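Letter by letter, the chains look like this.
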Amino acid sequence: MRKIIVLLIAALLLPASVYAAGGGSAGADRVDLDVHNRVSLQRGARIFHNYCLSCHSAQYMRYGRMADDLGLPREVVEENLMFTTDSIYDTMTVAMPPEDAEQWYGQAPPDLTLIARSHGPDHIYNFMRSFYRDDERPSGMNNRELSNTSMPHVLVELQGVQEAVYEEVEVNGETEQRFVGFEIVREGSMSPREYDRAMTDLVNYMTYISEPARLKREKLGLWVIIFLAVFTVLAYLLKQEYWKDVH
Ligand code: HEC
(Lines give C-alpha, C1' and ligand atoms only; values in the text may rest on other atoms or scores of the structure.)
Protein backbone atom coordinates (compact mmCIF):
# COMPACT_ATOMS: atom_id res chain seq x y z
CA MET A 1 0.00 0.00 0.00
CA ARG A 2 2.76 2.38 0.99
CA LYS A 3 4.58 1.72 -2.27
CA ILE A 4 1.47 2.58 -4.24
CA ILE A 5 1.06 5.85 -2.38
CA VAL A 6 4.70 6.77 -3.00
CA LEU A 7 4.28 5.91 -6.69
CA LEU A 8 1.12 8.00 -6.90
CA ILE A 9 2.82 11.00 -5.34
CA ALA A 10 5.79 10.57 -7.68
CA ALA A 11 3.43 10.43 -10.66
CA LEU A 12 1.73 13.62 -9.49
CA LEU A 13 5.02 15.46 -9.06
CA LEU A 14 6.53 14.29 -12.34
CA PRO A 15 4.81 16.81 -14.63
CA ALA A 16 5.86 19.62 -12.28
CA SER A 17 9.53 18.69 -12.53
CA VAL A 18 9.33 18.31 -16.31
CA TYR A 19 7.66 21.72 -16.50
CA ALA A 20 10.31 23.29 -14.31
CA ALA A 21 13.06 21.84 -16.49
CA GLY A 22 11.50 22.96 -19.77
CA GLY A 23 11.18 26.49 -21.12
CA GLY A 24 13.42 29.36 -20.20
CA SER A 25 16.66 29.93 -22.00
CA ALA A 26 20.30 29.20 -21.59
CA GLY A 27 20.91 32.73 -20.26
CA ALA A 28 23.44 33.17 -17.53
CA ASP A 29 21.06 34.43 -14.85
CA ARG A 30 17.51 33.62 -13.94
CA VAL A 31 14.99 36.35 -13.29
CA ASP A 32 12.66 36.18 -10.32
CA LEU A 33 9.24 37.42 -11.45
CA ASP A 34 5.92 38.13 -9.79
CA VAL A 35 3.22 39.28 -12.20
CA HIS A 36 0.89 39.94 -9.25
CA ASN A 37 3.18 42.67 -7.94
CA ARG A 38 1.44 45.77 -9.30
CA VAL A 39 4.10 48.22 -8.20
CA SER A 40 6.74 46.23 -10.08
CA LEU A 41 4.48 46.10 -13.17
CA GLN A 42 3.94 49.86 -13.00
CA ARG A 43 7.68 50.51 -12.80
CA GLY A 44 8.23 48.09 -15.70
CA ALA A 45 5.55 49.85 -17.74
CA ARG A 46 7.30 53.17 -17.26
CA ILE A 47 10.55 51.85 -18.74
CA PHE A 48 8.82 49.89 -21.49
CA HIS A 49 6.67 52.78 -22.69
CA ASN A 50 9.43 55.35 -22.47
CA TYR A 51 12.29 53.38 -23.97
CA CYS A 52 10.91 50.56 -26.13
CA LEU A 53 7.76 51.59 -27.98
CA SER A 54 9.63 54.07 -30.15
CA CYS A 55 11.05 51.15 -32.15
CA HIS A 56 8.96 48.16 -31.09
CA SER A 57 5.21 47.65 -31.09
CA ALA A 58 3.18 45.55 -28.68
CA GLN A 59 0.28 45.40 -31.06
CA TYR A 60 -1.81 42.74 -29.30
CA MET A 61 -2.04 44.72 -26.09
CA ARG A 62 -4.48 47.58 -25.45
CA TYR A 63 -3.70 50.61 -23.28
CA GLY A 64 -7.09 50.47 -21.55
CA ARG A 65 -6.68 46.91 -20.42
CA MET A 66 -3.21 47.62 -19.09
CA ALA A 67 -4.53 50.63 -17.16
CA ASP A 68 -7.25 48.52 -15.53
CA ASP A 69 -5.01 45.54 -14.74
CA LEU A 70 -2.29 47.71 -13.22
CA GLY A 71 -4.75 49.80 -11.23
CA LEU A 72 -3.72 53.01 -13.03
CA PRO A 73 -6.26 55.78 -13.67
CA ARG A 74 -6.81 56.19 -17.41
CA GLU A 75 -5.75 59.85 -17.31
CA VAL A 76 -2.40 58.84 -15.83
CA VAL A 77 -1.83 56.37 -18.64
CA GLU A 78 -2.95 58.87 -21.26
CA GLU A 79 -0.57 61.52 -19.96
CA ASN A 80 2.47 59.44 -19.08
CA LEU A 81 2.49 56.21 -21.01
CA MET A 82 0.86 56.90 -24.38
CA PHE A 83 3.12 58.40 -27.00
CA THR A 84 1.93 56.91 -30.29
CA THR A 85 -1.84 57.35 -30.06
CA ASP A 86 -4.53 59.47 -28.43
CA SER A 87 -7.05 56.74 -27.76
CA ILE A 88 -6.88 54.53 -24.70
CA TYR A 89 -8.80 51.89 -26.67
CA ASP A 90 -5.92 51.54 -29.13
CA THR A 91 -3.30 48.83 -29.18
CA MET A 92 0.35 49.63 -28.51
CA THR A 93 1.55 50.49 -31.96
CA VAL A 94 4.93 51.87 -32.89
CA ALA A 95 5.86 55.37 -34.00
CA MET A 96 8.44 54.18 -36.52
CA PRO A 97 7.27 52.48 -39.74
CA PRO A 98 8.81 48.96 -39.84
CA GLU A 99 10.26 49.53 -43.33
CA ASP A 100 12.21 52.55 -42.06
CA ALA A 101 13.36 50.64 -39.00
CA GLU A 102 14.61 47.82 -41.18
CA GLN A 103 16.55 50.24 -43.30
CA TRP A 104 18.09 51.98 -40.29
CA TYR A 105 18.92 48.97 -38.17
CA GLY A 106 19.27 46.27 -40.83
CA GLN A 107 16.55 44.34 -39.08
CA ALA A 108 12.99 45.29 -38.19
CA PRO A 109 12.54 45.39 -34.40
CA PRO A 110 10.15 42.51 -33.57
CA ASP A 111 6.75 43.03 -31.96
CA LEU A 112 7.21 42.60 -28.22
CA THR A 113 3.73 41.49 -27.07
CA LEU A 114 4.56 37.79 -26.98
CA ILE A 115 8.34 37.90 -26.82
CA ALA A 116 8.49 36.94 -23.13
CA ARG A 117 6.70 33.72 -24.00
CA SER A 118 8.54 32.95 -27.25
CA HIS A 119 12.06 33.84 -26.07
CA GLY A 120 11.62 33.29 -22.31
CA PRO A 121 11.90 35.95 -19.55
CA ASP A 122 15.45 34.88 -18.63
CA HIS A 123 16.68 35.55 -22.15
CA ILE A 124 15.28 39.09 -22.17
CA TYR A 125 16.63 39.75 -18.67
CA ASN A 126 20.12 38.68 -19.73
CA PHE A 127 19.86 40.41 -23.11
CA MET A 128 19.09 43.76 -21.47
CA ARG A 129 22.03 43.36 -19.07
CA SER A 130 24.60 42.09 -21.58
CA PHE A 131 25.43 45.08 -23.75
CA TYR A 132 29.17 45.82 -23.68
CA ARG A 133 31.60 48.11 -25.44
CA ASP A 134 32.90 46.77 -28.73
CA ASP A 135 34.56 49.31 -30.98
CA GLU A 136 34.27 47.02 -33.97
CA ARG A 137 30.48 47.30 -34.03
CA PRO A 138 28.87 50.25 -35.84
CA SER A 139 27.00 51.28 -32.68
CA GLY A 140 30.11 50.79 -30.54
CA MET A 141 28.25 48.11 -28.57
CA ASN A 142 27.82 44.39 -28.76
CA ASN A 143 25.73 41.98 -26.73
CA ARG A 144 26.78 38.69 -25.17
CA GLU A 145 23.27 37.23 -25.13
CA LEU A 146 22.56 38.09 -28.79
CA SER A 147 25.88 38.40 -30.53
CA ASN A 148 26.22 41.26 -33.07
CA THR A 149 22.68 42.43 -32.41
CA SER A 150 21.45 45.40 -34.38
CA MET A 151 19.56 46.77 -31.37
CA PRO A 152 21.40 49.72 -29.82
CA HIS A 153 21.85 49.81 -26.04
CA VAL A 154 18.88 52.11 -25.43
CA LEU A 155 19.26 52.04 -21.63
CA VAL A 156 22.92 53.02 -21.61
CA GLU A 157 22.17 56.22 -19.68
CA LEU A 158 20.68 54.10 -16.89
CA GLN A 159 23.17 51.25 -16.83
CA GLY A 160 26.31 53.03 -17.94
CA VAL A 161 28.90 51.46 -20.22
CA GLN A 162 30.36 48.07 -19.35
CA GLU A 163 33.21 46.08 -20.82
CA ALA A 164 33.50 42.32 -21.08
CA VAL A 165 36.36 40.90 -19.02
CA TYR A 166 38.15 37.75 -20.18
CA GLU A 167 40.82 35.57 -18.67
CA GLU A 168 43.22 33.27 -20.46
CA VAL A 169 42.88 29.57 -19.77
CA GLU A 170 44.79 26.57 -21.04
CA VAL A 171 42.59 24.04 -22.82
CA ASN A 172 44.44 21.01 -24.25
CA GLY A 173 47.67 22.95 -24.49
CA GLU A 174 46.08 25.96 -26.20
CA THR A 175 45.26 29.30 -24.67
CA GLU A 176 41.63 30.33 -24.85
CA GLN A 177 39.79 33.43 -23.76
CA ARG A 178 37.13 32.73 -21.19
CA PHE A 179 34.47 35.28 -20.30
CA VAL A 180 34.62 36.20 -16.61
CA GLY A 181 32.07 38.98 -16.26
CA PHE A 182 31.33 42.61 -16.95
CA GLU A 183 33.01 45.66 -15.55
CA ILE A 184 31.41 49.10 -15.54
CA VAL A 185 33.77 51.60 -17.18
CA ARG A 186 31.38 54.55 -17.21
CA GLU A 187 28.70 54.82 -14.59
CA GLY A 188 25.06 55.32 -15.47
CA SER A 189 22.34 56.93 -13.38
CA MET A 190 21.63 53.59 -11.66
CA SER A 191 23.86 51.33 -9.60
CA PRO A 192 24.22 47.74 -10.92
CA ARG A 193 21.74 46.57 -8.27
CA GLU A 194 19.20 49.22 -9.20
CA TYR A 195 19.60 48.39 -12.87
CA ASP A 196 19.04 44.67 -12.23
CA ARG A 197 15.90 45.52 -10.26
CA ALA A 198 14.69 47.80 -13.06
CA MET A 199 15.28 45.01 -15.59
CA THR A 200 13.34 42.60 -13.36
CA ASP A 201 10.42 45.06 -13.38
CA LEU A 202 10.71 45.49 -17.15
CA VAL A 203 10.72 41.74 -17.82
CA ASN A 204 7.88 41.33 -15.30
CA TYR A 205 5.82 43.81 -17.31
CA MET A 206 6.72 42.10 -20.61
CA THR A 207 5.69 38.76 -19.10
CA TYR A 208 2.38 40.30 -18.03
CA ILE A 209 1.60 41.70 -21.51
CA SER A 210 2.45 38.33 -23.05
CA GLU A 211 -0.46 36.81 -21.10
CA PRO A 212 -2.66 39.38 -19.34
CA ALA A 213 -5.34 36.76 -18.65
CA ARG A 214 -2.95 35.07 -16.25
CA LEU A 215 -3.70 37.66 -13.54
CA LYS A 216 -7.38 36.74 -13.54
CA ARG A 217 -6.86 33.04 -14.17
CA GLU A 218 -4.63 32.55 -11.16
CA LYS A 219 -7.08 34.41 -8.93
CA LEU A 220 -9.94 32.34 -10.29
CA GLY A 221 -7.95 29.16 -9.64
CA LEU A 222 -7.76 30.04 -5.96
CA TRP A 223 -11.52 30.48 -5.77
CA VAL A 224 -12.06 27.15 -7.52
CA ILE A 225 -9.89 25.41 -4.93
CA ILE A 226 -11.70 27.15 -2.05
CA PHE A 227 -15.04 26.19 -3.58
CA LEU A 228 -13.96 22.57 -3.94
CA ALA A 229 -12.75 22.47 -0.34
CA VAL A 230 -16.01 23.90 0.99
CA PHE A 231 -18.01 21.64 -1.28
CA THR A 232 -16.12 18.57 -0.03
CA VAL A 233 -17.03 19.41 3.56
CA LEU A 234 -20.67 19.96 2.61
CA ALA A 235 -20.80 16.71 0.67
CA TYR A 236 -19.34 14.88 3.65
CA LEU A 237 -21.85 16.40 6.07
CA LEU A 238 -24.66 15.57 3.69
CA LYS A 239 -23.48 11.98 3.45
CA GLN A 240 -23.44 11.74 7.27
CA GLU A 241 -26.98 13.08 7.33
CA TYR A 242 -28.28 10.62 4.71
CA TRP A 243 -26.64 7.58 6.26
CA LYS A 244 -27.66 8.45 9.82
CA ASP A 245 -30.91 6.51 9.61
CA VAL A 246 -29.46 3.56 7.71
CA HIS A 247 -26.79 2.66 10.30
C1 HEC B 1 16.35 52.19 -31.52
C2 HEC B 1 15.40 51.15 -31.76
C3 HEC B 1 15.13 50.18 -30.61
C4 HEC B 1 14.70 50.48 -29.35
C5 HEC B 1 14.39 51.83 -28.76
C6 HEC B 1 14.54 49.21 -28.67
N7 HEC B 1 14.87 48.17 -29.51
FE8 HEC B 1 14.74 46.21 -29.09
N9 HEC B 1 15.35 45.73 -30.97
C10 HEC B 1 15.69 46.65 -31.94
C11 HEC B 1 16.15 45.95 -33.12
C12 HEC B 1 16.63 46.59 -34.43
C13 HEC B 1 16.05 44.57 -32.83
C14 HEC B 1 16.46 43.38 -33.70
C15 HEC B 1 17.81 43.00 -33.19
C16 HEC B 1 18.43 41.78 -33.77
O17 HEC B 1 17.73 40.84 -34.15
O18 HEC B 1 19.68 41.76 -33.81
C19 HEC B 1 15.54 44.46 -31.45
C20 HEC B 1 15.32 43.27 -30.79
C21 HEC B 1 14.82 43.15 -29.51
C22 HEC B 1 14.54 41.91 -28.85
C23 HEC B 1 14.70 40.51 -29.42
C24 HEC B 1 16.05 39.98 -29.07
C25 HEC B 1 16.25 38.56 -29.57
O26 HEC B 1 16.79 37.78 -28.81
O27 HEC B 1 15.86 38.26 -30.70
C28 HEC B 1 14.08 42.21 -27.59
C29 HEC B 1 13.67 41.25 -26.49
C30 HEC B 1 14.08 43.65 -27.49
N31 HEC B 1 14.53 44.18 -28.67
C32 HEC B 1 13.69 44.34 -26.36
C33 HEC B 1 13.69 45.72 -26.26
C34 HEC B 1 13.32 46.43 -25.05
C35 HEC B 1 12.85 45.77 -23.77
C36 HEC B 1 13.43 47.75 -25.32
C37 HEC B 1 13.18 48.89 -24.39
C38 HEC B 1 13.99 48.92 -23.18
C39 HEC B 1 13.89 47.88 -26.71
N40 HEC B 1 14.05 46.64 -27.23
C41 HEC B 1 14.13 49.08 -27.36
C42 HEC B 1 15.61 48.03 -31.85
C43 HEC B 1 15.22 48.72 -30.72
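Quick caveat: nothing in here was measured; it's all calculated off a predicted structure.

Trainee: How should I be thinking about the environment of Gly44 in this particular structure?
Mentor: As for its position among the elements, Gly44 is in helix H2 (residues 38-51). Along the sequence, Gly44 and Met82 sit 38 residues apart, while their C-alpha atoms lie 14 Å from each other. Those residues in contact with Gly44 that sit more than four places away from it in its chain are Asp201, Leu202 and Tyr205.

Trainee: Any chance you could explain a negative patch on the surface here in plain terms?
Mentor: A surface patch of like charges, here negative, comprises Glu75, Glu78, Glu79, Asp86 and Asp90. Locating Glu75 in the fold gives a position in helix H4 (residues 74-80).

Trainee: Would you mind going over the site of the ligand with me for this structure?
Mentor: Lining the immediate surroundings of the ligand are 22 residues, of which Cys52, Cys55, His56, His123 and Met151 lie closest. Contacts to the ligand include Gln107, whose side-chain N or O atom sits 3.4 Å from an oxygen atom. At 2.9 Å, a side-chain N or O of Thr149 approaches an oxygen atom of the ligand. Elements supplying a minimum of two residues to the shell around the ligand: helix H7 (121-129) and helix H9 (192-210). The dominant element in the shell around the ligand, judged by the number of residues it contributes, is H7, at three residues.

Trainee: For this particular structure, what's the right way to read the pattern of salt bridges?
Mentor: Pairs can form between side chains of opposite charge once their charged atoms are near each other. As enumerated under the stated definition, the model contains 13 salt bridges in all. Across the pair Asp69 and Lys216 runs a salt bridge whose closest N-O atoms are separated by 3.5 Å. Linking Asp69 in helix H3 (residues 63-70) with Lys216 in helix H10 (residues 213-243), this pair joins segments that are 147 residues apart in sequence. By relative accessible area, which is 54% here, Lys216 ends up exposed.

Trainee: Can you walk me through a nonpolar patch on the surface in this structure?
Mentor: Together, Leu222, Trp223, Ile226, Val230, Val233, Leu234, Tyr236 and Leu237 make up a nonpolar patch on the protein surface, roughly 830 Å² of accessible area in all. Checked against the element boundaries, Ile226 lands in helix H10.

Trainee: Explain the coordination of the iron atom of the ligand here, please?
Mentor: The reference angle at a metal is 109.5 degrees if four donors form a tetrahedron and 90 or 180 degrees if six donors form an octahedron. Protein-derived ligands of the iron atom of the ligand are His56 (NE2) and Met151 (SD), with the metal-ligand distances lying across 2.0 to 2.1 Å. In this structure His56 comes out as buried when scored by relative accessible area, which is 9%.

Trainee: Is there a simple way to think about the packing of aromatic side chains in this case?
Mentor: Scanning the model with the defined rule gives seven aromatic pairs in all. Geometrically, the ring pair formed by Phe127 and Phe131 is tilted, given 5.4 Å between the ring centres and 45° between the ring planes. Just as Phe127 is buried, Phe131 falls in that class too. A centroid spacing of 5.9 Å and a plane angle of 65° characterise the contact between Tyr166 and Phe179, whose relative ring orientation is edge-to-face. Taken as a pair, Tyr166 in strand E5 (residues 160-171) and Phe179 in strand E6 (residues 174-187) lie far apart in primary sequence, 13 residues in all. For Tyr166, a relative accessible area of 37% gives the class partly exposed. For Phe179, a relative accessible area of 26% gives the class partly exposed. Members of the aromatic cluster, connected to one another through ring pairs, are Tyr132, Tyr166, Phe179 and Phe182. Over the ring of Tyr125 we find Arg129; its NZ or CZ atom is 4.2 Å from the centre of that ring.

Basis of the calculations
- Residues numbered from 1 in each chain as written.
- Predicted model: local features only at pLDDT ≥ 70, side-chain atom pairs only at ≥ 80, totals over all residues.
- Heavy atoms only, no water.
- Helix = DSSP H or I, 4+ residues; strand = E, 2+ residues; numbered from the N terminus.
- Contact = heavy atoms within 4.5 Å.
- Patch = residues over 30% accessible without salt bridge, like charges linked within 9 Å, V, L, I, M, F, W, Y side chains within 5 Å.
- Areas by Shrake-Rupley, 256 points an atom, 1.4 Å probe, with all protein chains shown as cover.
- Salt bridge = Lys/Arg side-chain N within 4 Å of Asp/Glu carboxyl O.
- Lys, Arg positive; Asp, Glu negative; His and termini not counted.
- Charge placed at Lys NZ, Arg CZ, Asp CG, Glu CD.
- Near = heavy atom within 4 Å.
- Polar contact = N/O pair within 3.5 Å; in protein donor to acceptor, adjacent residues only side chain to side chain.
- Buried < 20%, exposed > 50% of the residue type's maximum accessible area, 1.4 Å probe, protein only.
- Donors = N, O, S within 2.8 Å, 3.2 Å for Na, K, Ca; no water.
- Phe/Tyr/Trp six-rings, centres within 6.5 Å; stacked < 30°, edge-to-face > 60°.
- Lys NZ or Arg CZ within 6 Å of the ring centre and 35° of its normal.

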